[in-house]
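Coordinates in review
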Amino acid sequence: MQLHTEIIAKNIIRHELLGLNVDVEWKNGKQQKFSGVVVGESRNMLTVQLSKGKRLFPKAACVFSFKLPNGLCVKVDGVLLIGRPEDRLKKVVRKW
Amino acid sequence: MKNRLLKAIARERIERLFEFARTYAQSDPEAAREAVSIARRIAQRARLRIPKPYKLLFCRKCGNLFLGSSSFSVRVRDRMTTHVVVKCLRCGWIRRYPAQKEKHIKSTAQKL
């Protein structure tokens, strides 16, 4: 059986987010969207390098659409990404 | 199987983090240092060794990347034993790697 080690839609929750291009949308109906590159990550926040500068986005309050290296775009609810980067390695999502 | 997949993903993540750190070392050194610390924590969690080319690339104390002459110094010392001294110019951390003299290597090769 082949192991999918490169980042794909199925394993994005367990994979590395740093360096990916991302579009950020707020869940609470704010109209403004942001796009940039992920440059930092903590348990609850994602740091994105925008054209103006760095900005922190709470994972729980946003929806992120990541552009993968293979060209696909994946939309992920930020709640699923909550957890320290090294803890997400063993994270299991029951409903897919 | 599960463990193998975990380790494979961890290995890929470590590689990607170091590549990220390398690209951002000049423009955003703080982000690069953070990436190195995440890579080290992932290696600990998945019980993996950091690959040697990356292992020699950063300071174990502050996570500074050894790229360019302004970030680290390398000296060969011949005191008690011959060794290479690598010094981080950000925090002053020193690492000594043992080195053998060429003569000694030749003599051992002849014996073999």
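So, here is what we can say about the structure in this document. (Residues numbered from 1 in each chain as written. Chains lettered and ligands numbered in written order. Predicted model: local features only at pLDDT ≥ 70, side-chain atom pairs only at ≥ 80, totals over all residues.)

**Remarks on the overall build of chain B**
On a plain count of helices and strands, chain B comes out with four helices and three strands. Overall, chain B shows an N-to-C arrangement of helices and strands of α-α-α-β-β-β-α. Once local pairs closer than 6 in sequence are excluded, the contacts in chain B between residues at least 24 apart make up 43%. (Helix = DSSP H or I, 4+ residues; strand = E, 2+ residues; numbered from the N terminus. Contact = placed C-beta atoms within 7 Å.)

**Things to note about the overall build of chain A**
Along the backbone of chain A there are zero helices and six strands. Its helices and strands in sequence order give chain A the pattern β-β-β-β-β-β, from N to C terminus. In summary, chain A has a C-alpha radius of gyration of 13 Å against a globular reference of 12 Å for 96 residues, a match within 12%. Seen along its three principal axes, the alpha-carbon backbone of chain A occupies a region of about 45 × 25 × 20 Å. Each of the 96 residues in chain A was classed as buried or not, and the buried ones make up 24%. Considering only intrachain contacts with a sequence separation of at least 6, the fraction spanning at least 24 residues in chain A is 38%. (Rg over C-alpha atoms; globule rule 2.2 N^0.38 Å. Buried ≥ 20, exposed ≤ 12 C-beta atoms within 10 Å, placed from the backbone.)

**Some thoughts on the sheet that holds strand β3 (residues 94–98) of chain B**
Residues and elements named next belong to chain B. In spatial order, the strands read β1-β2-β3; together these three strands make up an open sheet with antiparallel pairing. Only two strands of the sheet have a single partner each, and these edge strands are β1 (72–78) and β3. Across the sheet, the mean angle separating the axes of adjacent strands is 20 degrees when strand polarity is ignored. Of the strand pairs in this sheet, β1 and strand β2 (residues 82–88) are connected by seven bridges, and their pairing is antiparallel. (Pairing = 2+ DSSP bridges. Axes fitted to C-alpha atoms, helices over the stretch in contact; angles between N-to-C directions.)

**With respect to the nonpolar core**
Ile14(B), Leu17(B), Ala21(B), Ala32(B), Ala35(B) and Ala39(B) are the most contacted members of the largest nonpolar core, which has 37 residues in total. For this core, the elements supplying multiple residues, two or more each, are β1 (21–26), β2 (34–41), β3 (45–49) and β5 (62–67) of chain A together with α1 (2–24) and α2 (29–45) of chain B. When neighbours within four sequence positions are excluded, Ala21(B) is seen to be in contact with Ala32(B), Ala35(B), Val36(B) and Leu65(B). (Core = buried A, V, L, I, M, F, W, Y, C linked by C-beta atoms within 7 Å.)

**What about α2(B)?**
Each turn of an α-helix holds 3.6 residues, which means side chains three or four residues apart point in the same direction. An ideal rise of 1.5 Å per residue puts 24 Å on 17 residues; α2(B) measures up with 25 Å between its terminal C-alpha atoms. Within α2(B), burial applies to Ala31(B), Ala32(B), Arg33(B), Glu34(B), Ala35(B), Val36(B), Ile38(B), Ala39(B), Ile42(B) and Ala43(B). Where α2(B) is buried, its residues meet β2 of chain A together with α1 of chain B. Phi turns positive one or two residues past the end of α2(B), at Arg47(B), with a value near 55 degrees. (Expected span 1.5 Å × (residues − 1).)

**Description of the sheet that holds strand β4 (residues 54–58) of chain A**
Residues and elements named next belong to chain A. Ordered by their spatial adjacency, six strands build an open sheet running β4-β3-β2-β1-β5-β6, and the pairing between neighbours is antiparallel. The open sheet has two edge strands with one neighbour each: β4 and β6 (73–77). On average, each strand axis in the sheet is inclined to that of its neighbour by 40 degrees, with strand direction left out of account. Relative to β2, β1 is paired through four bridges, and the arrangement is antiparallel. Bridging from a neighbouring strand, Val24 pairs with Phe34 of β2.

**Here's the deal with the packing of α1(B) against α2(B)**
All names here are of chain B. Put simply, α1 and α2 touch, their axes get as near as 8 Å, and they point 165 degrees apart. In this view, α1 runs roughly antiparallel relative to α2, as classed from their interaxial angle. Where α1 crosses over α2, the two elements pack in a sense that is left-handed. For the pair α1 and α2, contact is made by Ala10, Arg13, Ile14, Leu17, Phe18, Phe20, Ala21 and Tyr24 and by Ala31, Ala32, Ala35, Val36, Ile38, Ala39, Ile42 and Ala43, respectively. In terms of residue class, the contact of α1 with α2 is made up of 15 nonpolar, no polar and one charged. (Parallel < 35°, antiparallel > 145°, perpendicular 65-115°, else oblique. Left-handed = near helix turned anticlockwise from the far one by under 90°. Nonpolar A, V, L, I, M, F, W, Y, C, P; charged D, E, K, R; others polar.)

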